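Each chain, letter by letter, is given below.
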Amino acid sequence: MKAARALVVDDDPGILEVLEMMLRSMGLDVALARNYREAVTLLDDRGFDVALFDLSMEPVNGLKLMEAAHERQPRLPVLMLTAHGTIDNAVEAVRQGAFDYLTKPFVPEELRGKVGRALSARRWTRDRRLLKSVGEALGSSGSMERVLDAIAQATVDATEAERAVVFLLEDGRLVPMASAGAAPGSIDDLASTAEAVIERKNPAPVADADGRVMLGAPLLVGGGAAGALVVEMRVEPTADDLDLLAIFSLQAAVALKNTRELERLRSGALAALGRMAAKVAHDLRNPLGGLKLFAEYLEQRLGKAGDTEGADVAGKISREVDHMTDLVREITRFGRPGSLRRVPTNVNGLLESCLALAQARVAGEEIRVALELDPALPPAALDPREIRKVFLNLIVNALEAMEAGGTLTLRTRRAEQGFIEALVEDSGCGMSEETRARLFDFFLTTKDRGTGLGMAIARSVVEQHGGRMDIRSQLGGGTQVRVLLPLEAP
């Protein structure tokens with residue numbers, strides 16, 4: 001683990017030599033540059049913790065260099081180097097964003113004090129802000145996806161890494177659940193680091209053959225590793241980076257634990273509610289059937305008598321009874337799921353047939369459909385009747401979310417470890433965080449005639465097959481639903 005990094009830029013070789021010696025005696029890793037061009041090259045190549053710039057360099061002065069540095073590293077504290085006769089200019093530089101200034105010739109105590117304060121202030125401001133943002137996410141909606149996304153982004157900001165990924169262990173395989181930043185190369189390299197730190201059960205740096213540096217920390221839940229937080233860096237990490245990674249991995253583990261406990265409680269409550277609702281629905285079925293017959297009879301009688309207004313009211317009663325009957329049917333399905341009848345199923349063909357049926361139900365001429373179906377997708381052991389309900393519900397929801405037009409994307413591919421993935425994505429209105437957190441609750445609907453059971457039933461069917469449903473959505477930014485289904489029966 002290397003020391004904090006300092007960049008010193010001055011066009012006087014003697015000043016560079018003195019500052020290098022003084023800063024190295026403080027335990028810093030020092031890089032030197034004689035002009036703007038050399039400094040920008042170093043800034044593009046690596047990250048720094050503090051910078052010292054000569055204010056009066058030619059042809060590009062220290063203020064211009066500070067602007068370029070802050071474009072690359074917005075939180076980099078810059079100390080301006082100035083002669084006694086130009087202190088006013090140095091004060092102005094502080095007003096424009098410099099952390100402080102140092103006068104030539106340098107007093108060792110002043111240099112140590114101001115550099116030390118710059119490093120401490122940088123760490124304190126950065127860490128406080130990031131920990132606050134993650135803490136707010138952790139205590140807000142209970143949505144694990146939102147918390148993990150916030151942790152991944154905060155990790156990139158804190159360590160100035162190129163990329164951060166949160167992996168979770170599911171059915172013995174590592175699944176990337178959240179990421180931030182961007183870097184070339186496969187995510188498999190980060191997964192290898194995740195496996196290594198999970199085995200060690202401790203945060204650790206890992207270097208690969210290409211010279212990239214990975215930092216990983218396991219997510220420990222209930223005494224065991226449930227995943228890992230991994231970052232990819234261009235430079236050797238500091239001890240502070242590893243400490244921060246450990247803190248963020250702890251928060252990710254807390255989010256995971258809370259979400260799993262909430263899911264367990266919710267699952268038990270929904271199961272009990274489903275059984276009770278199924279009994280109530282059974283008792284309602286016969287009276288609703290009678291009401292339907294009476295309403296139709298009344299509508300016919302009033303129509304023959306010429307009472308158009310009365311017949312219209314009776315017709316409305318009949319339609320509302322139909323809506324209640326649909327609701328009873330959906331409750332019964334949820335409360336008493338039938339046994340699956342698995343057969344080899346062509347998922348691509350099933351999606352296409354559901355698309356045709358959904359398009360017939362939902363009018364939307366301005367909606368473009370993008371089919372990205374893997375032709376090599378093997379048949380899966382599924383109950384096509386039940387999975388059809390899932391896909392049809394998801395596609396109808398997506399189309400209805402794009403009243404003003406947009407793009408519906410249907411994608412399939414073979415996932416790892418014996419699963420296939422079906423993705424339904426729309427560019428529609430999206431969901432608020434509150435709606436997303438309650439998406440699978442009973443009777444939650446944003447539609448005029450929705451039952452509020454479609455998504456709860458869809459997830460129940462997918463989980464009954466041994467699969468999983470993941471949803472990402474942003475208000476005004478569309479919705480993506482990812483369904484993982486096993487190729488073989490568990």
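On a predicted model such as this, the values are computed, not experimentally measured, just so you know. (Residues numbered from 1 in each chain as written. Predicted model: local features only at pLDDT ≥ 70, side-chain atom pairs only at ≥ 80, totals over all residues. Heavy atoms only, no water.)

**Q** Run through the overall build of the chain, naming residues and quoting values.
**A** Helices and strands together make up the secondary structure of the chain, namely 13 helices and 17 strands. Expressed as a percentage of the 490 residues in the chain, the buried residues total 46%. As presented, the chain carries roughly 24300 Å² of accessible surface, and 53% of it is formed by carbon and sulfur atoms. (Helix = DSSP H or I, 4+ residues; strand = E, 2+ residues; numbered from the N terminus. Buried < 20%, exposed > 50% of the residue type's maximum accessible area, 1.4 Å probe, protein only. Areas by Shrake-Rupley, 256 points an atom, 1.4 Å probe, with all protein chains shown as cover.)

**Q** Describe the pairing of strand β1 (residues 5-9), listing the residues and the values that go with them.
**A** In terms of burial, β1 is largely enclosed, as 5 of its 5 residues are buried. Of the two faces of β1, the one holding Arg5, Leu7 and Val9 and the one holding Ala6 and Val8 are both buried throughout. In this structure, β1 lies alongside strand β2 (residues 29-33), joined through 5 bridges in parallel fashion. Note that in β2 the partner of Arg5 across the bridge is Asp29. Following the chain from β1 across helix α1 (residues 13-25) to the adjacent parallel β2, one finds a crossover that is right-handed. (Pairing = 2+ DSSP bridges. Right-handed = clockwise from strand over helix to strand, strands pointing away.)

**Q** Residues and numbers for unusual backbone geometry, please.
**A** With an omega dihedral of 0°, the bond running from Glu58 to Pro59 counts as a cis peptide bond. Relative to the helices and strands, Pro59 is located in the loop between β3 (50-54) and α3 (62-72). For the bond running from Lys104 to Pro105, omega is -5°, close enough to zero to count as cis. In this structure, Pro105 sits in the loop between β5 (100-104) and α5 (108-138).

**Q** I'd like a rundown of the packing of helix α2 (residues 36-45) against α3, residues and numbers included.
**A** Two numbers describe how α2 lies on α3: the axes approach to 10 Å, and their chain directions differ by 10°. Accordingly, the angle class assigned to the pair α2 and α3 is roughly parallel. Contact residues: Tyr36, Ala39, Val40, Leu43 and Asp44 in α2; Lys64, Leu65, Ala68, Ala69 and Arg72 in α3. Residues that form the contact of α2 with α3 fall into these classes: 7 nonpolar, no polar and 3 charged. (Axes fitted to C-alpha atoms, helices over the stretch in contact; angles between N-to-C directions. Parallel < 35°, antiparallel > 145°, perpendicular 65-115°, else oblique. Contact = heavy atoms within 4.5 Å. Nonpolar A, V, L, I, M, F, W, Y, C, P; charged D, E, K, R; others polar.)

**Q** Can you lay out the pattern of salt bridges for me, pointing to particular residues and giving the numbers?
**A** Counted under the stated rule, the structure contains 18 salt bridges. For Asp54, the salt bridge is made with Lys104, and the minimal N-O distance between the two is 3.3 Å. Separated by 50 residues along the polypeptide, Asp54 in strand β3 and Lys104 in strand β5 bring together distant segments of the chain. Residues joined by salt bridges that share partners form a network here, namely Arg413, Glu421, Arg468, Asp470 and Arg482. (Salt bridge = Lys/Arg side-chain N within 4 Å of Asp/Glu carboxyl O.)

**Q** Could you give me a rundown of a nonpolar patch on the surface, with the residues and numbers involved?
**A** Taken together, Leu291, Leu293 and Phe294 make up a surface patch of nonpolar side chains, about 350 Å² in accessible area. Mapping Leu291 onto the fold places it in helix α8 (residues 239-304). Judged by relative accessible area, Leu291 falls into the partly exposed class, the value being 45%. (Patch = residues over 30% accessible without salt bridge, like charges linked within 9 Å, V, L, I, M, F, W, Y side chains within 5 Å.)

**Q** For the environment of Asp189, give the residues involved together with the corresponding values.
**A** Mapped onto the fold, Asp189 is located in helix α7 (residues 188-200). In sequence terms Asp189 and Glu232 are 43 residues apart; their C-alpha atoms lie 9.4 Å from each other.

**Q** So what's going on with helix α13 (residues 454-464)? Which residues, and what values?
**A** Since the α-helix advances by 3.6 residues per turn, residues separated by three or four positions end up pointing in the same direction. Of the residues making up α13, those classed as buried are Met455, Ala456, Ile457, Ala458, Arg459, Val461 and Val462. Positioned one or two residues after α13, Gly466 has a phi angle of 90°, which is positive.

**Q** Any details on the sheet that holds β2? Residues and values, ideally.
**A** Strand order in the open sheet made by the 5 strands is β2-β1-β3-β4-β5, with parallel pairing throughout. With partners counted over all chains shown, the strands left at the sheet margins are β2 and β5, one partner each. Neighbour to neighbour, the strand axes of the sheet diverge by 20° on average, direction disregarded. Alignment of strand β4 (residues 78-83) against β5, held across 5 bridges, turns out to be parallel. Along β5, the bridge assignment pairs Leu81 with Leu102. Packed onto the sheet, α1 meets β1, β2, β3, β4 and β5 and runs at close to 170° relative to β2.

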